[in-house]
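Listed here are the chains, written in short residue letters.
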Amino acid sequence: MVRRYYLQKGPCRPNHNFPTKDVGGRLRSFKASWYKKYHWLEYSIAKDAAYCLHCFLFRSDDGRKGGGASFISTGFKAWNRGDEALDNHVGFVNSEHNKAVRKCEDLLTQSQSIRVALCKQSDQVKKDYRIRLQASIDCIRHCVRQGHALRGHDESESSKNRGNFIELLKFHAFGRVDVHSVVLENAPKNLQMTSPDIQKDIVHAIASEITKEIICDIGENLFSILVDEARDTSIKEQMAVVLRYVNQEGYVMERLLGIAHVSDTKALTLKMEIESILVTSGLSLSRIRGQGYDGASNMSGEINGLKALVLAENSSAYYVHCFAHQLQLTLVAVAKQHGDVSGFFTLITNLINLVGGSCKRMDNIRESQAAKVVEALCCGELETGRGLNQEVGLKRPCDTRWGSHFDTLLNLPVIYSSVIDCLDIIKKEAKGEAKGEASVTLICIQSFDFAFILHMMIKVLAITNELSKSLQRKDQDIVNAMQLVRGAKLRLQDLRDKGWESLLDSVISFCKKEYLPISNMDELYILSGRPRRNAQQITNLHHYKVELFYTVVDMQLQELNSRFDEVNTELLCCVACLNPDDAFADFDKEKLLKLATFYPNEFSIDDILHLDPQLDSYIFDVKMNTRFTKLKGIAELCREMVVAKKFRSFPLVYRLVKLALLLPVATASVERVFSAMNYVKNTLRSRMSDEGLNDFLVGYVESDILDRLDDECILQTFQDMKTRRGSL
């Protein structure tokens, strides 16, 4: 475009009183008559030199070919050799100067350009191309949304299964004459729009449009980052970055910005990669107002952790340790620190290894359980209905999988008798170690101790499991999360104070149903394997109630208090004053003014002075409005302020509310990205490139944005990525 502009403008030929200088003992100067003889010649007044426009525009890489350096860079000044030197510069037909002239002519002659020739296709060809491209986009769009692979093992025309994309395209064209007539075998061989490169470009165009939608939704607002890393199926460390922000409607959103391969998990490496992802999307670290990571040292380290590196550049990017991760740590701590509970979970793991390690044994459990369900239905002990009496199994507890301990224990009482039957079969038919393990496991799980700890842990974990699920909500705010933690503590305390009788009744009822021995609470407790004369002088009641029940609940409470120490920080105490619960009972103007000082970039000294009276007007207004007095949580308050247009009346207060919502609660959104990654990049797709993985995951995870994307936007983005054979 620049070259064409200069050619259309023409050489620089000023009407000037050309200066003379002594050349070879005579006064000589540039001659205006040369303009007519040499159409390419131009003159520079500042340098008193002549140049060749064509050679200058199409000079060679080293700047010395194409007619000589004097007519390109230094300028021609040898006026005594004027006509001779100018003719020599033109040279023969294939001289560098004449080549440059022909290039200029080609550039100005639009009809000879390949790009223009491609654009001169007939309207029908363009229409066919659009239909063909749209069909490919529709099929790929569906595959991306479902997380399905695009390519097949054998995509040749003789193959019975040519892969999801080709097969879906065939199905898409079936019965549609307009599509069928322009795709696959009916398309030009060099413009079928089905090659792997075309597929990748379309996926990239989809991901680009989704990212644009996210950035547009953020606008000029601030945001927080949620970051974690995990290993994919090809043994690569992948880092996911999720943005948390408040959109224009006042809703809290958590969106995947991207996933990138990192060579190591050092804090500096992660920070550099985060910056790269942000800059690529037109964002910067200066707009971050919250950080959410797990408790690993490379992430939360006070000196060299990722948290510290970001805070060094942005002091308002406050860090919050993932609440869901902290909750899991409390469960793991109790499971490992209490001897009886630790032994109980070890027994559960051994039971799952023994029973779940064989398909035949699991089939025995299913058949036995199905027979018992049928018998119970016939006796009227169970009700029939949709979703009732579904097949259940045993899940393996894992320290890093949230809620897995509770899910494992919840199903065991339901299939307990079937598990016993399976262990009996193993004990009779198995040989070697399995036979001995089955015998020991049978003795252990057919005891009152096992039944008691099983029901006790179900009650304890039921409380924390509800908390875990609530913390993983995308729109969860920090104040509500703190309230949920307090609520869990109160429920645990209530269980400790009032839950013993109901727990004991449920254990005794279970033992009677399964014909297990029932311990007399008034008798002395005897440790298994120890002679009676060495028994501790404590009753069964003291052991089960004090040493087990009270101790486990107290340990759980102690871990919750020590892990969730953030709730006592000054920042979160100030944020809690925005809570609208109980008609704004927690409102404290002084603390909210203090909260504003935590964000000096958003609240200047003048803003804080204006915030003081605005808070008075705000609290008076919302307390008089019944729509606001019934709200629960800051998230609802933010949405209602937008609906009621209060964000315009109280802009500084609304700014505080949005900043409070930016504080991250949990990294559950990042964990969901990794779950999606394991589904998308499975063992059959382990060679997927890092860029391809990022593009595919953005479309798969943010499927709601994908659903509302305009096809025309994807078409134009795809078309603008590079020069295409077809045109729209």
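These numbers come from a predicted model, not from an experiment.

Side note on the packing of aromatic side chains
Here is step 1: Counted according to the given criterion, the structure contains 29 aromatic pairs.
Here is step 2: Look at Y38 and W40: their rings are 5.5 Å apart centre to centre, the planes differ by 55°, and that puts the pair in the tilted class. In this structure, Y38 and W40 share a single accessibility class: buried.
Here is step 3: With 5.9 Å between their ring centres and 85° between their planes, F76 and W79 make a pair best called edge-to-face.
Here is step 4: Judged by relative accessible area, which is 4%, F76 ranks as buried.
Here is step 5: Judged by its relative accessible area of 4%, W79 falls in the buried class.
Here is step 6: Lying across the ring of F603, R655 places its NZ or CZ 5.3 Å from the centre.
Here is step 7: Here the basic side chain of R685 rests over the ring of F696, its NZ or CZ set 4.9 Å away from the ring centre.

Concerning the state of the cysteines
Here is step 1: Summed over the entire model, instances satisfying the criterion amount to zero disulfides.
Here is step 2: With no disulfide of its own, C12 has C52 as its nearest cysteine by sulfur position, at a separation of 14 Å.
Here is step 3: On the basis of relative accessibility, which here comes to 42%, the residue C12 falls in the partly exposed class.
Here is step 4: Between C52, a free cysteine, and C55, which holds the nearest cysteine sulfur, the sulfur-to-sulfur gap is 3.5 Å.
Here is step 5: The exposure class of C52 is buried, given its relative accessible area of 0%.

Here's the deal with the nonpolar core
Here is step 1: Among the nonpolar cores identified, the biggest contains 122 residues, and F323, L423, F452, M456, L595 and Y618 are the most heavily contacted of them.
Here is step 2: Ranked by the residues each element gives to this core, the list is headed by helix 20 (residues 448-471), at 14 residues.
Here is step 3: Sequence-distant contacts of F452, that is, excluding residues within four places in its chain, are made with W500, L503, V507, Y544, L548 and F549.
Here is step 4: In this structure, V183, L243, L257 and M299 belong to the second largest nonpolar core, which totals 78 residues.

Examining the pairing of strand 3 (residues 41-44)
Here is step 1: Burial along strand 3 is two-sided: L41 and Y43 facing one way and E42 and S44 facing the other are all buried.
Here is step 2: Of the pairings in the sheet, the one linking strand 3 to strand 4 (residues 49-52) comprises four bridges and is antiparallel in character. The residue bridging E42 from the neighbouring strand is Y51, located in strand 4.
Here is step 3: Linking strand 3 to strand 4, which pair antiparallel, is a turn of four residues; within it D48 sits at a positive phi near 50°.

Describing the pattern of salt bridges
Pairing is possible between side chains that carry opposite charge, provided their charged atoms lie close to one another.
Here is step 1: Per the counting criterion, the structure on display carries 24 salt bridges.
Here is step 2: Note that R724 is salt-bridged to D201, the shortest N-O span being 3.2 Å. Of this pair, R724 sits in the segment after helix 35 (711-720) while D201 is found in helix 10 (residues 196-218), placing the two residues 523 residues apart along the sequence.
Here is step 3: We classify R724 as buried; its relative accessible area is 11%.
Here is step 4: Across the salt bridge formed by R491 and E466, the nearest N and O atoms sit 2.7 Å from each other. Residue R491 is found in helix 21 (residues 478-498), and its partner E466 is found in helix 20; the two are separated by 25 residues along the sequence.
Here is step 5: Connected through shared salt-bridge partners, D201, K722 and R724 make up one network.

A look at the layout of surface pockets
Here the idea is plain: a probe the size of a water molecule rolls over the atoms and shows the empty space left.
Here is step 1: Approximately 950 Å³ is the volume found for the largest pocket.
Here is step 2: For the lining of the largest pocket, the element with the highest residue contribution is helix 10, accounting for six residues.
Here is step 3: Here the lining of the largest pocket is composed, by residue class, of seven nonpolar, 13 polar and seven charged.

Digging into the confidence of the model for the protein chain
Here is step 1: The pLDDT averaged across the protein chain works out to 84; a share of 90% of its residues lies at or above 70.
Here is step 2: Here helix 6 (residues 114-119) is the element of the protein chain with the lowest mean pLDDT, 59, and helix 10 is the one with the highest, 94.
Here is step 3: Predicted confidence is poor over residues 385-389, with pLDDT under 50, and the contacts of this stretch with residues over four places away or in other chains come to six contacts.

With respect to unusual backbone geometry
Here is step 1: In this structure, F584 takes a positive phi of about 60° despite not being glycine.
Here is step 2: Its place among the elements puts F584 in helix 25 (residues 581-584).
Here is step 3: The class of F584 is buried, set by a relative accessible area of 2%.

Observations concerning the packing of helix 10 against helix 33 (residues 690-701)
Here is step 1: Two elements in contact, helix 10 and helix 33, have axes separated by 8 Å at closest approach and are oriented at 55°. With respect to each other, helix 10 and helix 33 are oriented oblique. Every pair of crossing elements has a handedness; the one defined by helix 10 and helix 33 is left-handed. Here V203, H204, A207, I210 and T211 of helix 10 come into contact with helix 33, specifically with E691, D695, F696, V698 and G699.
Here is step 2: Its residues assigned to classes, the contact of helix 10 with helix 33 shows five nonpolar, three polar and two charged.

Some points on the sheet that holds strand 8 (residues 288-293)
Here is step 1: Read across the open sheet, the five strands follow the order 7-6-5-8-9; overall the sheet is mixed. The strands lining the two open edges of the sheet, one partner per strand, are strand 7 (252-261) and strand 9 (318-321). The mean angle between the axes of side-by-side strands here comes to 25°, regardless of whether they run parallel or antiparallel.
Here is step 2: Relative to strand 8, strand 5 (residues 223-231) runs parallel, the two being bridged by three bridges. Paired with I225 across the two strands is Q291, which belongs to strand 8.

Notes on the environment of A635
Here is step 1: By secondary structure assignment, the location of A635 is in helix 29 (residues 634-643).
Here is step 2: In this structure A635 comes out as buried when scored by relative accessible area, which is 8%.
Here is step 3: A sequence separation of 213 residues divides A635 from C422, and the C-alpha atoms of the two residues are 50 Å apart.
Here is step 4: Discounting residues that sit within four places of it in the chain, A635 has contacts with G250, D475, D477 and L661.

Rules of the game
- Residues numbered from 1 in each chain as written.
- Predicted model: local features only at pLDDT ≥ 70, side-chain atom pairs only at ≥ 80, totals over all residues.
- Heavy atoms only, no water.
- Phe/Tyr/Trp six-rings, centres within 6.5 Å; stacked < 30°, edge-to-face > 60°.
- Buried < 20%, exposed > 50% of the residue type's maximum accessible area, 1.4 Å probe, protein only.
- Lys NZ or Arg CZ within 6 Å of the ring centre and 35° of its normal.
- Disulfide = S-S within 2.5 Å.
- Core = buried A, V, L, I, M, F, W, Y, C linked by side-chain atoms within 4.5 Å.
- Helix = DSSP H or I, 4+ residues; strand = E, 2+ residues; numbered from the N terminus.
- Contact = heavy atoms within 4.5 Å.
- Pairing = 2+ DSSP bridges.
- Salt bridge = Lys/Arg side-chain N within 4 Å of Asp/Glu carboxyl O.
- 1 Å grid on protein atoms, 1.4 Å probe; cavity = no way out; pocket = protein on both sides within 12 Å on 5 of 7 lines; lining within 4 Å.
- Points joined across faces, edges and corners; volume = space filled by probe spheres on them.
- Nonpolar A, V, L, I, M, F, W, Y, C, P; charged D, E, K, R; others polar.
- pLDDT = per-residue confidence, 0-100.
- Axes fitted to C-alpha atoms, helices over the stretch in contact; angles between N-to-C directions.
- Parallel < 35°, antiparallel > 145°, perpendicular 65-115°, else oblique.
- Left-handed = near helix turned anticlockwise from the far one by under 90°.

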